[in-house]
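Given next are the chains, with one letter for each unit.
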Amino acid sequence: MLASPGKEGLVLSKRQDNLTIATPHVSGDWTPEQVDAAQREMLDCLMIEQNIQQHVSWYYTPMSLRFSDHLRPAATVYDCMDELSAFKGASPLLRAMESALFRRADLVFTGGQTLYEAKRSQHHSVHAFPSSIDKAHFAKAKEITQEPEDQASIPQPRMGFFGVLDERLDMELLRGIAAARPDWHFVMIGPVVKIDPAELPQAENIHYLGAKSYKELPQYLAGWDVALILFARNESTRFISPTKTPEYLAAGKPVVSTSIHDVVHPYADAGLVRIADTPDDFVAAIAESLQEPAPGWAASVNQFLSGNSWDTTWNRMWNLVRQRLRPHNTSAVA
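Residues numbered from 1 in each chain as written. Predicted model: local features only at pLDDT ≥ 70, side-chain atom pairs only at ≥ 80, totals over all residues. Heavy atoms only, no water.

1. Some points on the packing of helix H7 (residues 171-180) against helix H11 (residues 279-289)
In plain terms, the rule: Helix axes use the C-alpha atoms of the stretch in contact, all axes being lines fitted to C-alpha atoms, and the angles between their N-to-C directions lie in the range 0 to 180 degrees. Helix and strand assignments come from DSSP, with helices taken as H or I runs of at least 4 residues and strands as E runs of at least 2, each series counted from the N terminus. Note that the term roughly parallel is reserved for angles under 35 degrees, roughly antiparallel for angles over 145, roughly perpendicular for angles of 65 to 115, and oblique for everything else. Take the far helix as the reference: if the near one is turned anticlockwise from it by less than a right angle, the crossing is left-handed, and if turned clockwise, right-handed. When checking whether two residues touch, look at their non-hydrogen atoms; a contact exists if any pair is within 4.5 Å. Charged means Asp, Glu, Lys or Arg here, nonpolar means Ala, Val, Leu, Ile, Met, Phe, Trp, Tyr, Cys or Pro, and polar covers whatever is left, Gly included.
Closest axis-to-axis distance for the H7/H11 pair is 9 Å, and the angle between their directions is 60°. Judged by the inter-axis angle, H7 sits oblique to H11. For the element pair H7 and H11, the recorded crossing hand is right-handed. Taken together, the residues of H11 that come into contact with H7 (itself represented by Leu173, Gly176, Ile177 and Ala180) are Pro279, Phe282, Val283 and Ile286. Here the residues of the contact of H7 with H11 are counted per class, giving 7 nonpolar, 1 polar and no charged.

2. Details of empty space enclosed by the protein
Here is the rule we go by: Both site types are read off a 1 Å grid over the protein atoms alone. A 1.4 Å probe that fits but cannot get out defines a cavity, while an open set with protein on both sides within 12 Å along at least five of seven lines defines a pocket; lining residues have an atom within 4 Å of a point. Grid points are joined across faces, edges and corners, and a volume is the space filled by probe spheres set on the points.
The final tally for this structure, using the stated rule, is 1 cavity of 30 Å³ or more. Computed from the structure, the largest cavity encloses a volume of approximately 40 Å³.

3. Brief notes about the pattern of salt bridges
Filter applied, for reference: Throughout this description, the term salt bridge denotes a Lys or Arg side-chain nitrogen within 4 Å of a carboxyl oxygen of Asp or Glu.
Per the stated rule, a full pass over the model turns up 13 salt bridges. We note a salt bridge from glutamate 288 to arginine 274, for which the minimum N-O separation is 3.1 Å. Taken together, the residues glutamate 288 in helix H11 and arginine 274 in strand E12 (residues 274-275) connect sequence positions 14 residues apart.

4. So, the layout of surface pockets
Counted as a void, the second largest pocket has a volume near 490 Å³. Considering the residues around the second largest pocket, the lining is formed by 23 residues, among which Phe162, Gly163, Thr243, Lys244 and Glu247 are closest to the centre. Of the residues belonging to the lining of the second largest pocket, the class tally is 12 nonpolar, 6 polar and 5 charged.

5. Notes on the packing of aromatic side chains
The following threshold applies: Pairing of aromatic side chains here covers Phe, Tyr and the six-membered ring of Trp, requires ring centres within 6.5 Å, and sorts the geometry by plane angle: under 30 degrees stacked, over 60 edge-to-face, intermediate tilted. A 1.4 Å probe rolled over the protein chains alone gives each residue an accessible area, and that area as a share of the maximum for its type sets the label: buried under 20%, exposed over 50%, partly exposed in between.
Per the stated rule, a full pass over the model turns up 12 aromatic pairs. Ring geometry for tryptophan 58 against phenylalanine 109: centres 5.8 Å apart, planes inclined by 55°, an arrangement best described as tilted. One end of the pair, tryptophan 58, is in strand E3 (residues 56-59); the other, phenylalanine 109, is in strand E5 (residues 107-110), and 51 residues separate them in sequence. On the basis of relative accessible area, phenylalanine 109 is assigned to the buried category, the value being 0%. Judged by centre distance (5.6 Å) and plane angle (35°), the ring pair of tryptophan 58 and tryptophan 314 falls under tilted. Residue tryptophan 58 is found in strand E3, and its partner tryptophan 314 is found in helix H13 (residues 310-324); the two are separated by 256 residues along the sequence. What links up through ring pairs into an aromatic cluster is the set Trp58, Phe109, Phe129, Trp314 and Trp318.

6. A short note on the confidence of the model for the protein
We apply this condition: Each residue gets a pLDDT score, which is the predictor's confidence in that residue and runs from 0 to 100.
Across the protein, the average pLDDT comes to 92, with 96% of residues at or above 70. Taken together, the stretch residues 329-334 has pLDDT below 50 and engages in 16 contacts with residues farther than four places along the chain or on a different chain.

7. Observations concerning the environment of glycine 9
Following the sequence through the fold, glycine 9 ends up in strand E1 (residues 9-15). Overall, the relative accessible area of 0% leaves glycine 9 in the buried class. Residues glycine 9 and serine 27, spaced 18 residues apart in sequence, show a C-alpha to C-alpha distance of 9.4 Å.

8. Remarks on unusual backbone geometry
Note that the residue after glutamine 156, namely proline 157, is joined by a cis bond; omega there is 5°. Structurally, proline 157 can be placed in the loop between helix H6 (149-152) and strand E7 (158-162). In this structure, the amide linkage connecting histidine 265 to the following residue, proline 266, adopts the cis form with an omega of 20°. The topology assignment puts proline 266 in helix H10 (residues 261-268). The backbone phi angle of asparagine 51 is positive, close to 55°, even though this residue is not glycine. Among the structural elements, asparagine 51 can be located in the loop between helix H1 (32-49) and E3. Judged by relative accessible area, asparagine 51 falls into the exposed class, the value being 53%. The phi dihedral of lysine 194 is positive, around 70°, even though this residue is not glycine. Relative to the elements of secondary structure, lysine 194 occurs in the loop between strand E8 (185-189) and strand E9 (206-210).

Structure representation (structure tokens):
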């Protein structure tokens, strides 16, 4: 059931390093049951047409079990990056599906320490893997001098945020700090998801530039004076470990964040990030960040990030997976 873009079916996209992305395209008119049935058929066709004899099933959401629970992998990994059940619009089936995935999984990886603490009692082999980054990609921001067109006309100083704009965004905090300092400008990059765009704070010094590609992010970061993590403290952020924290730091930008647990520990503990939760405290923290960095701050950031790469994380993960491969499937690949 392979297809070309724009049609129902599985679209294959070949990337570098022997990687192929299989993306299911389904009709918006189908029921959830029809979508599951179609994806199951697509998956079965893929296994046959690509002659996949051995494989590892790697899940980012338990909901994928609905169309893949018939597979017999050499190993099963649950890569739990967020507490998805706490997100707005989460399926009521998610908790039950996660329990089923815990029973099947050989390994559970969590995207941060707080999530690890929440999940480690639910499975016999849970391992924390906090956010990793492509350090070299974001470090490009230190050298870039040409501004993107839609940011070039925004006055400085500029405070920036990139990420999905959804129920996790602390809109009252953004509204408060923008009102307190009309001479500062706030650049907000990312798609608006699950909330009404009309709810977003509006002011002459708040600039919504929409979604940007991963490749473009260093170009925008280069023009910021301070990078922000404007997450509300609620159920949807209780377990998050924002990847943007080390990405901002790799770009050489001072960071001010709300007191998200996995930002406070270890980033604030190490003196790399400032923490504030009220508009007044946030304004004060930004003002401090606009000054010259403390002696040794850049060296401390580089030291902290030195072992934080996707390659290092992948090697650690794959070594754990290899130990769980079924004896008769020791040559299995992901």
